[in-house]
Amino acid sequence: MSHQNSHVTTLFARWLAVETRGLLGGLAGGVVGGVVAFTLINRFSSTSLASGADAISIANTYIVYSTFMIAAVAVFLTMAGLIFTQHFAMEKERHVADAFAALVAEMGRTNGCAVEVVKEVMKNAEVVQHFDDQVKEKLREVMRAQLDNADQRKARARSEHDALTRIASDLESA
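So, how was this worked out
- Residues numbered from 1 in each chain as written.
- Predicted model: local features only at pLDDT ≥ 70, side-chain atom pairs only at ≥ 80, totals over all residues.
- Heavy atoms only, no water.
- Helix = DSSP H or I, 4+ residues; strand = E, 2+ residues; numbered from the N terminus.
- Buried < 20%, exposed > 50% of the residue type's maximum accessible area, 1.4 Å probe, protein only.
- Expected span 1.5 Å × (residues − 1).
- Polar contact = N/O pair within 3.5 Å; in protein donor to acceptor, adjacent residues only side chain to side chain.
- Salt bridge = Lys/Arg side-chain N within 4 Å of Asp/Glu carboxyl O.
- Patch = residues over 30% accessible without salt bridge, like charges linked within 9 Å, V, L, I, M, F, W, Y side chains within 5 Å.
- Areas by Shrake-Rupley, 256 points an atom, 1.4 Å probe, with all protein chains shown as cover.

Undergrad: Is there a simple way to think about the overall build of the protein chain in this case?
TA: Counting its regular elements, the protein chain contains five helices and zero strands. Scanning the protein chain from its N terminus toward the C terminus, one meets helices and strands in the order α-α-α-α-α. When the 174 residues of the protein chain are sorted by exposure, 3% land in the buried category.

Undergrad: Which parts of the structure should I look at to understand helix 5 (residues 125–173)?
TA: The α-helix winds at 3.6 residues per turn, so residues separated by three or four positions along the chain end up facing the same way. Along its 49 residues, helix 5 runs 70 Å from first to last C-alpha, staying within 8% of the 72 Å computed at 1.5 Å per residue. Where helix 5 starts, the residue carrying a side-chain oxygen 3.0 Å from the main-chain nitrogen of E126 turns out to be N124.

Undergrad: What exactly am I supposed to notice about the pattern of salt bridges here?
TA: Here the idea is simple: oppositely charged side chains can pair when their charged atoms come close. The tally for this structure, following the rule as stated, stands at seven salt bridges. The salt bridge partner of R140 is E137, with a shortest N-O separation of 3.4 Å. Note that R140 and E137 are positioned in helix 5 at a spacing of three residues, about one turn of the helix. Overall, E137 belongs to the partly exposed group, its relative accessible area being 37%. Through salt bridges that share partners, E137, R140 and R144 make up one connected network.

Undergrad: What am I meant to see in a nonpolar patch on the surface here?
TA: A contiguous nonpolar surface patch, about 680 Å² in accessible area, is contributed by Y62, I63, V64, Y65, F68 and M69. Here V64 lies in helix 3 (residues 52–109).

Rendered as structure tokens:
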């Protein structure tokens, strides 16, 4: 079990290193750039009193700015969702293969586990029907092989019988 946890931890660390380092670097750069811009604007800008028309202009600018920020967050969340979806879609087959390999390995280590898996699988009607079909086909194959073998033995016996009959008739006629 610890092997599986270390494998999952390794996969997560690899994904974090490959897929999200650019995303995290962009976020850090955005925060640092915002702090620097805020500091520079407050340090070097002159403060003046805003008149009534300027207050409406400032409010409109704030509304546009906040709309851009909301749109940027939506784009960011969409991109993150697409990255996660793409990653999980690419890794799905490998995860399924790893899970199946772990199941097979566990069944090989523990006898009771294999029996329990078979019991659970046999609860499915389609599996039972498939198993029944496979057993019947195998029985037909074995019976065909035995019939062919019996036919061959019968042909050899008939040929031997005919040969002995000819020899016997040759002996009587001689």
